[in-house]
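Observations on chain architecture
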Amino acid sequence: MINENEIQQVVGRTAYDSNGDKIGSVGHVFLDDETGQPEFASVNTGLFGMNESFVPLADARVEGERLVVPFAKDQVKDAPNVDVDSGHLDQSEERRLYEHYGMTYTERTSDSGLAGDGVGTTGTTGTTDTAGTAGTTFAEGHDTSGPTTDDAMTRSEERLDVGTTREEAGRARLRKYVTTEQETVTVPVKKERAVLETEPITEANRDEALSGPAISEEEHEVVLQEERPVVGKTAEPVERVRLGTETVTDEETVTEEVRKEHIETDGDLTDRRSTR
């Protein structure tokens, strides 16, 4: 059983069940009003320790950094809800807790505040975070939102870590295609045509002129020649084209929300915080 001298060792330690499974962190220890003996401890359970469950300390023991309780983890997590902020448990709340853990509750008072058979007491229960007498006493810098850590708070704030990352923004493609255009070229061509010529009869050509019959029918033919354009095509390179990349630098403005913690004071005190 936990005694008054072990209260400071219990607060803030991790509670384990009878099977060695971790339950949560011990937040508060509640003392019997009449005897001043530790009777209940609140343990932070649930997701991120947002809930507090009460567990009797009658058969609990401290083992190194652990508080070992003789109950299963699920039984502790399913304990009846009790308002820990009130700092006090009345008899009806004690009765519900004892019945949940299968312990007999009676109004008979034992010398230790807890009977050897697990029986409760007639007195109500107060809370403490340090060893002392019954009632509510807190150490300096007591943390009302959970287990006491130290006497100071750490204020944090978020800052923006801005960098750059490379990602595909688009693609450029080089494609060659063929078009047809009309092109006109003037080409000089030669053509033959028939020309009728006459010459008088002279002594020089008389014999040729009289070589045939005196009167006859004749037909002479001349073959005419002419040039016509002939078109041929030759492909020849005119230029080379390639794709490349270049880097340009622009500026972009980034806007994002950041969270900052602020600490305010309440009560009669002197503010000695440094400013920056």
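Reading guide: rules and limits
- Residues numbered from 1 in each chain as written.
- Predicted model: local features only at pLDDT ≥ 70, side-chain atom pairs only at ≥ 80, totals over all residues.
- Heavy atoms only, no water.
- Helix = DSSP H or I, 4+ residues; strand = E, 2+ residues; numbered from the N terminus.
- Buried < 20%, exposed > 50% of the residue type's maximum accessible area, 1.4 Å probe, protein only.
- Areas by Shrake-Rupley, 256 points an atom, 1.4 Å probe, with all protein chains shown as cover.
- Salt bridge = Lys/Arg side-chain N within 4 Å of Asp/Glu carboxyl O.
- 1 Å grid on protein atoms, 1.4 Å probe; cavity = no way out; pocket = protein on both sides within 12 Å on 5 of 7 lines; lining within 4 Å.
- Points joined across faces, edges and corners; volume = space filled by probe spheres on them.
- Nonpolar A, V, L, I, M, F, W, Y, C, P; charged D, E, K, R; others polar.
- pLDDT = per-residue confidence, 0-100.
- Contact = heavy atoms within 4.5 Å.
- Lys, Arg positive; Asp, Glu negative; His and termini not counted.
- Polar contact = N/O pair within 3.5 Å; in protein donor to acceptor, adjacent residues only side chain to side chain.
- Phe/Tyr/Trp six-rings, centres within 6.5 Å; stacked < 30°, edge-to-face > 60°.
- Lys NZ or Arg CZ within 6 Å of the ring centre and 35° of its normal.

Helix and strand counts for the protein chain come out as four helices and eight strands. Secondary structure elements of the protein chain occur, N-terminal to C-terminal, as α-β-β-β-β-β-β-α-β-α-β-α. Classification of the 276 residues of the protein chain by burial places 25% in the buried group. Total accessible area on the protein chain is roughly 22,800 Å²; 44% of this is exposed by carbon and sulfur atoms.

Further remarks concern the pattern of salt bridges. A full pass over the atoms with the stated rule returns six salt bridges. Between Glu 63 and Arg 61 there is a salt bridge, and its shortest N-O distance comes to 2.4 Å. Given the relative accessible area of 38%, Glu 63 is considered partly exposed. Between Arg 155 and Glu 157 there is a salt bridge, with its nearest N and O atoms 3.3 Å apart. Taking the relative accessible area as the measure of exposure, Arg 155 reaches 39% and is therefore partly exposed.

Looking now at the layout of surface pockets. In this structure, the largest pocket occupies an estimated 1,000 Å³ of space. Along its surface, the largest pocket is lined by 23 residues, and Val 178, Thr 179, Thr 234, Ala 235 and Glu 236 are the ones closest to its centre. Residues belonging to the lining of the largest pocket are distributed by class as follows: 12 nonpolar, four polar and seven charged. Roughly 820 Å³ of internal volume is contained in the second largest pocket. Tallied by class, the residues present in the lining of the second largest pocket amount to four nonpolar, seven polar and six charged.

The share of residues in the protein chain with pLDDT of 70 or more is 80%, and the mean pLDDT across the chain is 79. Mean pLDDT across the elements of the protein chain bottoms out in strand E8 (residues 125-128) (45) and peaks in strand E1 (residues 14-16) (91). Scored below 50 in pLDDT, residues 108-139 makes 105 contacts in the model with residues more than four places away or belonging to other chains.

Within the fold, Asp 17 resides in the loop between E1 and strand E2 (22-32). Despite its burial, Asp 17 pairs with no opposite charge, the nearest such side chain being Lys 73 at 7.2 Å. A polar contact is formed between the side chain of Asp 17 and the backbone nitrogen of Gly 20, at a distance of 2.9 Å. From its side chain, Asp 17 meets the backbone nitrogen of Asp 21 in a polar contact 2.7 Å long.

On the secondary structure map, Thr 45 appears in strand E3 (residues 38-45). Judged by relative accessible area, Thr 45 falls into the buried class, the value being 4%. There is a polar contact of 3.2 Å between the side chain of Thr 45 and the side chain of Ser 53.

On to the packing of aromatic side chains. Within a pair of aromatic rings, the relevant descriptors are the distance that separates the centres and the angle that separates the planes. Within the structure shown, the criterion is met by three aromatic pairs. Judged by centre distance (4.5 Å) and plane angle (50°), the ring pair of Phe 71 and Tyr 101 falls under tilted. One end of the pair, Phe 71, is in the loop between strand E6 (66-68) and helix H2 (73-77); the other, Tyr 101, is in the loop between helix H3 (91-100) and E8, with 30 residues separating them in the sequence. For Tyr 101, a relative accessible area of 6% corresponds to the buried category. Against the face of Tyr 16 rests Arg 66, its NZ or CZ located 3.9 Å from the ring centre.

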